[in-house]
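# Geometric and topological summary
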Amino acid sequence: MIISAAIAKGGTGKSTLLRALASVALKRGYAVTLIDGDVRQNMSRWGQMLKEAGNRPETLQLVSATTPREILKAAELHNGERSVVLIDTEGTTNDNLMAGLFASDIVVVPIFFALDDVTAAIQITDHYIPLAVETRGRPLPAVFVLTKQTIIDAKARALSELRAIIQANGTPIAQHALQNRVAYRDLQSGQTLYSPDQPDAKAIAESEGVFDDVLKTFTEAMRQAA
Ligand SMILES: Nc1ncnc2c1ncn2[C@@H]1O[C@H](COP(=O)(O)OP(=O)(O)OP(=O)(O)O)[C@@H](O)[C@H]1O
Ligand SMILES: [Mg+2]
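Structure report, in brief. Everything quoted here is computed from the prediction, not taken from an experiment.

Parameters at a glance
- Residues numbered from 1 in each chain as written.
- Chains lettered and ligands numbered in written order.
- Predicted model: local features only at pLDDT ≥ 70, side-chain atom pairs only at ≥ 80, totals over all residues.
- Heavy atoms only, no water.
- Salt bridge = Lys/Arg side-chain N within 4 Å of Asp/Glu carboxyl O.
- Helix = DSSP H or I, 4+ residues; strand = E, 2+ residues; numbered from the N terminus.
- Buried < 20%, exposed > 50% of the residue type's maximum accessible area, 1.4 Å probe, protein only.
- Pairing = 2+ DSSP bridges.
- Axes fitted to C-alpha atoms, helices over the stretch in contact; angles between N-to-C directions.
- Contact = heavy atoms within 4.5 Å.
- Near = heavy atom within 4 Å.
- Polar contact = N/O pair within 3.5 Å; in protein donor to acceptor, adjacent residues only side chain to side chain.
- Areas by Shrake-Rupley, 256 points an atom, 1.4 Å probe, with all protein chains shown as cover.
- 1 Å grid on protein atoms, 1.4 Å probe; cavity = no way out; pocket = protein on both sides within 12 Å on 5 of 7 lines; lining within 4 Å.
- Sits in = over half its atoms within 2 Å of the grid points.

A few words now on the pattern of salt bridges. Counting across every chain of the model gives six salt bridges. In this structure, aspartate 117 and lysine 9 form a salt bridge, with 3.8 Å as the shortest nitrogen-oxygen distance. On the criterion of sequence distance, the pair formed by aspartate 117 in helix α5 (residues 115-136) and lysine 9 in the loop between β1 (2-5) and α1 (14-27) is long-range, its members being 108 residues apart. With relative accessibility at 4%, the residue aspartate 117 sits in the buried group. For arginine 40, the salt bridge identified is with aspartate 38, shortest N-O distance 2.6 Å.

Overall, parallel pairing links the six strands, which are arranged β3-β2-β4-β1-β5-β6 in an open sheet. Bordering the open sheet on either side are β3 (60-64) and β6 (142-146), each of which pairs with just one other strand. With strand direction ignored, the average angle separating the axes of adjacent strands in the sheet is 20 degrees. Bridging between strand β2 (residues 31-37) and strand β4 (residues 83-89) involves seven bridges; their strand directions are parallel. Pairing of isoleucine 35 across the sheet is with isoleucine 87, part of β4. Running at roughly 160 degrees to β4, helix α4 (residues 95-103) makes contact with β1, β2, β4 and β5 (106-111) of the sheet.

On to the site of ligand 1, then. What surrounds ligand 1 is a group of 18 residues, the closest being Lys14, Ser15, Thr16, Arg40 and Gln179. Separating an oxygen atom of ligand 1 from a backbone N or O atom of glycine 11 is a distance of 2.9 Å. Between an oxygen atom of ligand 1 and a main-chain N or O atom of threonine 12, the distance comes to 3.1 Å. For ligand 1, the protein covers 85% of the area, taking 630 Å² as the surface of the free molecule. The cavity that encloses ligand 1 is the largest pocket. Secondary-structure elements contributing two or more residues to the shell around ligand 1 are α1 and α8 (182-185).

Following this line, the structure appears as C-alpha coordinates:
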(Lines give C-alpha, C1' and ligand atoms only; values in the text may rest on other atoms or scores of the structure.)
(Ligands and ions follow the chains in the order given, each with its own letter.)
Protein backbone atom coordinates (compact mmCIF):
# COMPACT_ATOMS: atom_id res chain seq x y z
CA MET A 1 0.00 0.00 0.00
CA ILE A 2 1.43 3.34 -1.05
CA ILE A 3 0.11 6.48 0.60
CA SER A 4 1.20 10.00 -0.18
CA ALA A 5 0.38 13.13 1.74
CA ALA A 6 -0.18 15.97 -0.64
CA ILE A 7 -1.17 19.59 -0.47
CA ALA A 8 0.66 22.43 -2.16
CA LYS A 9 0.71 24.52 0.98
CA GLY A 10 3.38 24.59 3.66
CA GLY A 11 2.77 23.74 7.28
CA THR A 12 -0.63 22.06 7.03
CA GLY A 13 0.69 18.97 8.78
CA LYS A 14 1.67 16.55 5.99
CA SER A 15 4.87 15.34 7.59
CA THR A 16 3.26 15.14 11.01
CA LEU A 17 0.33 13.14 9.68
CA LEU A 18 2.72 10.75 7.93
CA ARG A 19 4.78 10.31 11.11
CA ALA A 20 1.60 9.49 12.99
CA LEU A 21 0.51 7.02 10.28
CA ALA A 22 4.01 5.52 10.23
CA SER A 23 3.84 5.05 14.01
CA VAL A 24 0.50 3.23 13.72
CA ALA A 25 1.55 1.08 10.74
CA LEU A 26 4.74 0.00 12.56
CA LYS A 27 2.73 -0.83 15.65
CA ARG A 28 0.38 -2.92 13.53
CA GLY A 29 3.30 -4.94 12.24
CA TYR A 30 3.70 -3.51 8.75
CA ALA A 31 7.11 -2.90 7.27
CA VAL A 32 7.15 0.86 6.76
CA THR A 33 9.12 2.85 4.22
CA LEU A 34 9.10 6.61 4.45
CA ILE A 35 10.09 8.24 1.21
CA ASP A 36 11.39 11.72 1.82
CA GLY A 37 10.71 13.74 -1.30
CA ASP A 38 11.16 17.10 0.39
CA VAL A 39 14.46 18.84 -0.39
CA ARG A 40 14.73 19.92 3.23
CA GLN A 41 14.88 16.26 4.23
CA ASN A 42 12.96 16.64 7.49
CA MET A 43 11.67 13.10 7.34
CA SER A 44 15.17 11.70 6.95
CA ARG A 45 16.21 13.80 9.92
CA TRP A 46 13.38 12.26 11.93
CA GLY A 47 14.71 8.81 11.06
CA GLN A 48 18.13 9.87 12.27
CA MET A 49 16.72 11.31 15.50
CA LEU A 50 14.75 8.14 16.17
CA LYS A 51 17.91 6.12 15.77
CA GLU A 52 19.93 8.35 18.07
CA ALA A 53 17.20 8.16 20.72
CA GLY A 54 17.04 4.37 20.40
CA ASN A 55 13.43 4.60 19.24
CA ARG A 56 13.76 3.51 15.66
CA PRO A 57 11.85 0.30 14.92
CA GLU A 58 13.82 -2.13 12.78
CA THR A 59 10.95 -2.35 10.35
CA LEU A 60 11.16 1.36 9.53
CA GLN A 61 13.16 2.37 6.49
CA LEU A 62 13.87 5.89 5.31
CA VAL A 63 14.59 6.64 1.72
CA SER A 64 15.75 10.01 0.55
CA ALA A 65 14.32 10.65 -2.91
CA THR A 66 14.72 14.16 -4.18
CA THR A 67 13.76 13.68 -7.82
CA PRO A 68 10.52 12.33 -9.37
CA ARG A 69 12.41 9.36 -10.79
CA GLU A 70 13.82 8.46 -7.35
CA ILE A 71 10.36 8.74 -5.77
CA LEU A 72 8.79 6.43 -8.37
CA LYS A 73 11.62 3.94 -8.12
CA ALA A 74 11.59 3.82 -4.31
CA ALA A 75 7.80 3.42 -4.17
CA GLU A 76 7.91 0.49 -6.58
CA LEU A 77 10.85 -1.14 -4.84
CA HIS A 78 9.43 -0.99 -1.32
CA ASN A 79 5.79 -1.72 -2.03
CA GLY A 80 4.60 -5.17 -0.91
CA GLU A 81 1.98 -7.34 0.75
CA ARG A 82 2.64 -6.41 4.37
CA SER A 83 4.21 -3.04 3.75
CA VAL A 84 3.14 0.55 3.97
CA VAL A 85 5.02 3.07 1.86
CA LEU A 86 4.53 6.70 2.83
CA ILE A 87 5.56 9.52 0.52
CA ASP A 88 6.25 12.98 1.91
CA THR A 89 6.66 15.96 -0.38
CA GLU A 90 7.13 19.68 0.01
CA GLY A 91 4.17 22.00 0.44
CA THR A 92 4.51 23.38 -3.04
CA THR A 93 3.53 22.50 -6.59
CA ASN A 94 6.43 20.64 -8.15
CA ASP A 95 7.28 17.47 -10.01
CA ASN A 96 7.90 15.58 -6.78
CA LEU A 97 4.33 16.23 -5.70
CA MET A 98 3.12 14.84 -9.04
CA ALA A 99 5.45 11.84 -8.76
CA GLY A 100 4.04 11.13 -5.29
CA LEU A 101 0.50 11.21 -6.65
CA PHE A 102 1.42 9.12 -9.66
CA ALA A 103 2.96 6.40 -7.48
CA SER A 104 0.23 6.20 -4.84
CA ASP A 105 -2.70 3.94 -4.08
CA ILE A 106 -4.35 6.67 -2.04
CA VAL A 107 -3.67 10.32 -1.23
CA VAL A 108 -4.22 11.84 2.18
CA VAL A 109 -4.83 15.57 2.12
CA PRO A 110 -4.33 17.16 5.53
CA ILE A 111 -6.56 20.15 6.01
CA PHE A 112 -6.10 22.86 8.55
CA PHE A 113 -9.06 25.20 8.76
CA ALA A 114 -7.91 28.28 6.91
CA LEU A 115 -9.01 29.57 3.54
CA ASP A 116 -5.60 29.10 1.87
CA ASP A 117 -5.41 25.52 3.05
CA VAL A 118 -8.91 24.65 1.93
CA THR A 119 -8.23 26.18 -1.49
CA ALA A 120 -4.97 24.23 -1.76
CA ALA A 121 -6.71 21.00 -0.76
CA ILE A 122 -9.30 21.44 -3.46
CA GLN A 123 -6.60 22.18 -6.00
CA ILE A 124 -5.21 18.71 -5.24
CA THR A 125 -8.49 16.85 -5.62
CA ASP A 126 -9.89 18.83 -8.54
CA HIS A 127 -6.77 19.47 -10.54
CA TYR A 128 -3.67 17.42 -9.69
CA ILE A 129 -5.32 14.10 -8.91
CA PRO A 130 -7.32 14.08 -12.18
CA LEU A 131 -4.06 14.87 -13.98
CA ALA A 132 -2.31 11.93 -12.31
CA VAL A 133 -5.27 9.64 -13.03
CA GLU A 134 -5.22 10.60 -16.69
CA THR A 135 -1.50 9.92 -16.99
CA ARG A 136 -1.45 6.57 -15.23
CA GLY A 137 -4.88 5.33 -16.28
CA ARG A 138 -6.10 4.00 -12.96
CA PRO A 139 -8.19 5.60 -10.21
CA LEU A 140 -6.56 7.45 -7.35
CA PRO A 141 -8.75 7.82 -4.28
CA ALA A 142 -8.17 10.68 -1.86
CA VAL A 143 -9.25 11.39 1.68
CA PHE A 144 -9.28 14.66 3.57
CA VAL A 145 -7.92 14.52 7.11
CA LEU A 146 -8.58 17.46 9.39
CA THR A 147 -5.43 18.34 11.33
CA LYS A 148 -4.32 20.66 14.10
CA GLN A 149 -7.93 20.93 15.21
CA THR A 150 -8.73 23.00 18.28
CA ILE A 151 -11.90 23.61 20.19
CA ILE A 152 -12.22 26.82 18.20
CA ASP A 153 -12.28 24.90 14.91
CA ALA A 154 -15.17 22.82 16.13
CA LYS A 155 -17.18 25.83 17.27
CA ALA A 156 -16.27 28.93 15.27
CA ARG A 157 -19.11 30.02 13.05
CA ALA A 158 -16.73 31.69 10.60
CA LEU A 159 -15.38 28.25 9.79
CA SER A 160 -18.71 26.80 8.79
CA GLU A 161 -18.26 28.24 5.31
CA LEU A 162 -14.92 26.45 4.95
CA ARG A 163 -16.48 23.29 6.24
CA ALA A 164 -19.22 23.59 3.62
CA ILE A 165 -16.64 24.01 0.84
CA ILE A 166 -14.83 20.86 1.98
CA GLN A 167 -18.03 18.88 2.24
CA ALA A 168 -19.24 20.02 -1.18
CA ASN A 169 -16.01 18.78 -2.79
CA GLY A 170 -17.18 15.19 -2.68
CA THR A 171 -13.87 13.83 -1.40
CA PRO A 172 -14.47 11.67 1.68
CA ILE A 173 -13.46 13.23 4.97
CA ALA A 174 -11.80 10.90 7.48
CA GLN A 175 -14.12 10.31 10.38
CA HIS A 176 -11.24 10.79 12.82
CA ALA A 177 -9.24 14.02 12.95
CA LEU A 178 -5.91 14.98 14.44
CA GLN A 179 -6.33 17.49 17.20
CA ASN A 180 -3.70 20.06 18.03
CA ARG A 181 -1.54 18.14 20.52
CA VAL A 182 1.92 18.29 22.00
CA ALA A 183 2.32 14.59 21.17
CA TYR A 184 2.30 15.51 17.47
CA ARG A 185 4.82 18.31 18.00
CA ASP A 186 7.04 15.76 19.69
CA LEU A 187 7.15 13.82 16.43
CA GLN A 188 9.72 16.45 15.40
CA SER A 189 12.09 14.92 17.96
CA GLY A 190 13.26 11.34 18.30
CA GLN A 191 9.83 10.01 19.19
CA THR A 192 7.12 7.95 17.58
CA LEU A 193 3.60 8.12 18.97
CA TYR A 194 4.30 5.05 21.08
CA SER A 195 7.87 5.63 22.25
CA PRO A 196 7.42 8.19 25.07
CA ASP A 197 7.39 6.88 28.63
CA GLN A 198 3.85 8.13 28.88
CA PRO A 199 2.36 7.96 25.41
CA ASP A 200 -0.59 10.24 24.65
CA ALA A 201 -3.51 7.81 24.51
CA LYS A 202 -5.79 10.32 22.78
CA ALA A 203 -3.27 11.02 20.03
CA ILE A 204 -2.78 7.29 19.56
CA ALA A 205 -6.51 6.61 19.40
CA GLU A 206 -7.18 9.31 16.83
CA SER A 207 -4.15 8.37 14.71
CA GLU A 208 -5.18 4.72 14.71
CA GLY A 209 -8.65 5.92 13.73
CA VAL A 210 -7.26 7.97 10.83
CA PHE A 211 -5.15 5.00 9.69
CA ASP A 212 -8.26 2.80 9.63
CA ASP A 213 -10.23 5.54 7.85
CA VAL A 214 -7.56 5.71 5.14
CA LEU A 215 -7.59 1.93 4.62
CA LYS A 216 -11.38 1.92 4.59
CA THR A 217 -11.55 4.71 2.01
CA PHE A 218 -9.09 2.82 -0.18
CA THR A 219 -11.02 -0.46 0.05
CA GLU A 220 -14.30 1.28 -0.64
CA ALA A 221 -12.88 3.14 -3.66
CA MET A 222 -11.49 -0.11 -5.09
CA ARG A 223 -14.81 -1.83 -4.59
CA GLN A 224 -16.60 0.96 -6.43
CA ALA A 225 -14.08 0.96 -9.26
CA ALA A 226 -14.41 -2.80 -9.77
N1 LIG B 1 -1.92 17.86 15.01
C2 LIG B 1 -0.94 18.69 15.34
N3 LIG B 1 -0.84 19.18 16.60
C4 LIG B 1 0.12 20.04 16.95
N5 LIG B 1 1.08 20.50 16.11
C6 LIG B 1 1.05 20.06 14.85
C7 LIG B 1 0.06 19.14 14.39
N8 LIG B 1 0.29 18.91 13.07
C9 LIG B 1 1.36 19.64 12.74
N10 LIG B 1 1.84 20.34 13.79
C11 LIG B 1 2.96 21.27 13.81
O12 LIG B 1 2.78 22.20 12.75
C13 LIG B 1 4.00 22.47 12.09
C14 LIG B 1 3.90 22.11 10.61
O15 LIG B 1 3.62 20.72 10.50
P16 LIG B 1 4.31 19.82 9.39
O17 LIG B 1 5.76 20.02 9.35
O18 LIG B 1 3.77 18.45 9.59
O19 LIG B 1 3.64 20.45 8.08
P20 LIG B 1 3.97 20.17 6.57
O21 LIG B 1 2.69 20.24 5.85
O22 LIG B 1 4.75 18.92 6.43
O23 LIG B 1 4.87 21.40 6.19
P24 LIG B 1 5.83 21.57 4.90
O25 LIG B 1 4.91 21.78 3.75
O26 LIG B 1 6.60 22.79 5.24
O27 LIG B 1 6.63 20.32 4.78
C28 LIG B 1 5.06 21.66 12.83
O29 LIG B 1 5.67 22.50 13.78
C30 LIG B 1 4.26 20.56 13.50
O31 LIG B 1 4.88 20.09 14.68
MG1 LIG C 1 6.59 18.52 5.57
